[in-house]
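Per-entry structural report
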Amino acid sequence: MFFLLKHKHLGLISGLLVMLGAMSQNSYALSCKKDNSIRQDIVLAQLIKVSTANTVPGALLWRSPTFTSTFQCVDDRNKPDGENAYLYWDPKNNLKSIHNSIEIGVNYNSIDFKLVRGARQDIGPGTRCRKQGSRCLAPAQSLSMTVSYSIYIKATGAPPPAGGKITNTGSYSLFQVDGVGGLNNVADSNFNAYISGLGNIRFISCNPRVTVTANNGSAVNFGSIPRQNAKVGMIEKQVPFSVYADTSSPESGQDCQGQVLNASFSSTYPVQDTTTILPTSNSGFGILLSQQETPMTFIPMNTPVEMGLVNGTRVTKNFFASLKWLSTSPKVGPFRASANIDVTFK
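Residues numbered from 1 in each chain as written. Predicted model: local features only at pLDDT ≥ 70, side-chain atom pairs only at ≥ 80, totals over all residues. Heavy atoms only, no water.

**A closer look at the environment of Met-234**
- By the element assignment, Met-234 lies in the loop between strand S18 (219-221) and strand S19 (235-246).
- Residue classification places Met-234 among the partly exposed residues on the basis of a relative accessible area of 30%.
- The spatial distance from the C-alpha of Met-234 to the C-alpha of Pro-161 is 51 Å, given a sequence separation of 73 residues.
- Look past the residues within four positions of Met-234 in its chain and what remains in contact with it is Asn-229, Leu-323, Lys-324 and Trp-325. (Helix = DSSP H or I, 4+ residues; strand = E, 2+ residues; numbered from the N terminus. Buried < 20%, exposed > 50% of the residue type's maximum accessible area, 1.4 Å probe, protein only. Contact = heavy atoms within 4.5 Å.)

**Things to note about the state of the cysteines**
- Taken as a whole and judged by the stated rule, the model has 2 disulfides.
- Between the sulfur atoms of Cys-32 and its disulfide partner Cys-73 the distance amounts to 2.1 Å. Across the disulfide from Cys-32 to Cys-73, rotation about the S-S bond amounts to roughly 115°, and the bridge is consequently right-handed. In this pair, Cys-32 sits in strand S4 (residues 31-34) while Cys-73 sits in strand S8 (residues 67-74), placing the two residues 41 residues apart along the sequence. (Disulfide = S-S within 2.5 Å.)

**Observations regarding the layout of surface pockets**
- By volume, the largest pocket is sized at about 280 Å³.
- Around the largest pocket, the lining is made up of 19 residues, and of these Ser-110, Ile-111, Ser-266, Ser-267 and Asn-302 lie nearest the centre.
- Of all the secondary structure elements, the ones that give two or more residues to the lining of the largest pocket are strand S7 (60-63), strand S11 (111-114) and strand S26 (336-345).
- Among the residues making up the lining of the largest pocket, the classes are represented as 4 nonpolar, 9 polar and 6 charged.
- Approximately 230 Å³ is the volume attributed to the second largest pocket.
- Leu-95, Lys-96, Ile-102, Glu-103 and Ile-104 are, among the 14 residues lining the second largest pocket, the residues nearest its centre.
- Ranked by residues supplied to the lining of the second largest pocket, first place goes to strand S10 (residues 102-108) with 3 residues. (1 Å grid on protein atoms, 1.4 Å probe; cavity = no way out; pocket = protein on both sides within 12 Å on 5 of 7 lines; lining within 4 Å. Points joined across faces, edges and corners; volume = space filled by probe spheres on them. Nonpolar A, V, L, I, M, F, W, Y, C, P; charged D, E, K, R; others polar.)

**Quick look at the packing of aromatic side chains**
- Scanning the model with the defined rule gives 12 aromatic pairs in all.
- Aromatic side chains Tyr-149 and Phe-175 sit 5.1 Å apart centroid to centroid with 85° between the ring planes, which places their arrangement in the edge-to-face category. One end of the pair, Tyr-149, is in strand S13 (residues 135-155); the other, Phe-175, is in strand S14 (residues 171-179), and 26 residues separate them in sequence.
- In this structure an aromatic cluster arises from ring pairing among Phe-67, Phe-71, Trp-89, Phe-113, Tyr-149, Phe-175 and Phe-191.
- Positioned above the aromatic ring of Tyr-86 is the side chain of Arg-120, whose terminal nitrogen or guanidinium carbon lies 4.0 Å from the ring centre. (Phe/Tyr/Trp six-rings, centres within 6.5 Å; stacked < 30°, edge-to-face > 60°. Lys NZ or Arg CZ within 6 Å of the ring centre and 35° of its normal.)

Okay, here's the thing in C-alpha cells:
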C-alpha cells in the first residue's frame, strides 16, 4: 500500500497587511458585506522574493495565510424565493494589467481558482424564503455565511520583467460577493477583496534541491492492513516521512541564506474535507498529512506549513502520513495515491 510524495517548486517570501474598508450606503441587488464593510485590502507590505529558477507555467510562487470572513447578505431586489451568493472573479476587469510573468488567484475549499473574468464560484445561500402558506414573503430572510480563502501567486512561463521587479502599483480586485443575477450595477455596493503591493515582488537567485525520504524511498509504504480493523474515523496507522531542502550545490544560487521556507501539499487524487486524499472516491479510507510535532492536526491541501530558516546548507521538516478509515467495508487490494509538495519562500 503505497503513498507517493513528489516535490515541486520554490517560490516567494513576503509580508502581508490586511485592512477592511468602510461601508457603502448604496446597494441595489443581493447585498453581502463583512461587518458592514465592503472592502478588504490584502497588501504585500514587505519585500517579496521569488526564485529566478521557478518560472515554468503553473509553478507555485507563494501562498498567503488563510483569511476567514463572515458575510451577511440582504435581499435588496425583491427576490422572496431567496438566492445563493457567489464569488465573482476579477469583477473590476483589471487583473489583465498585471505583468504577464505572474498569475494571481484565490484558493477556496482547498482548490486553486484561476480568476477568469465572468466566472464565479457558488458559496451557498445568501437569502432564503420566509414562508407564509404556499408563498414566500418579501424581502427574503437574510443569511450569513462564513468563507475561508487564501491568495496564491503562480508563474505563467513568461519571463520576469527587466531588472526582476514587478512594477505594478495600485489595487486589484480579486473577487466580489454577489447574487445569482450577476454584479451590482451600482459601483462599490458589495464586498470586494483587493490585492496591492505587487511592486514588492523581486526575483532572486535561490533554488534549493528538494527531496522526500520515507520508509520506501520517496514513498510511504503502509504495508498490509487487515480489513476487519476498519472503524469509521479511526486512524489505523501513521508512517513518518521527511522533506529536505538542500542549498549546498552551486545551482542553488547565492541568495538562499536567511530565507524561511514553506511547504504545501496538493493532490490530483480526490480530496475529502480538504485534508483527506482518497485513492478512489469509494475506497473507504484516506490518507492525511500532519507535522510530526502535531500528529493529529491534519494539514489542508494547498495550505502552507513552515519548514524553517535556511541557516546552513539544508532545511529539514518531518511529517506523518496517516491512514484513516472512512467506512466499515473498505475496498480491498493494493492501492496507490500521491501528493505533490511545493516548497516556497514564506
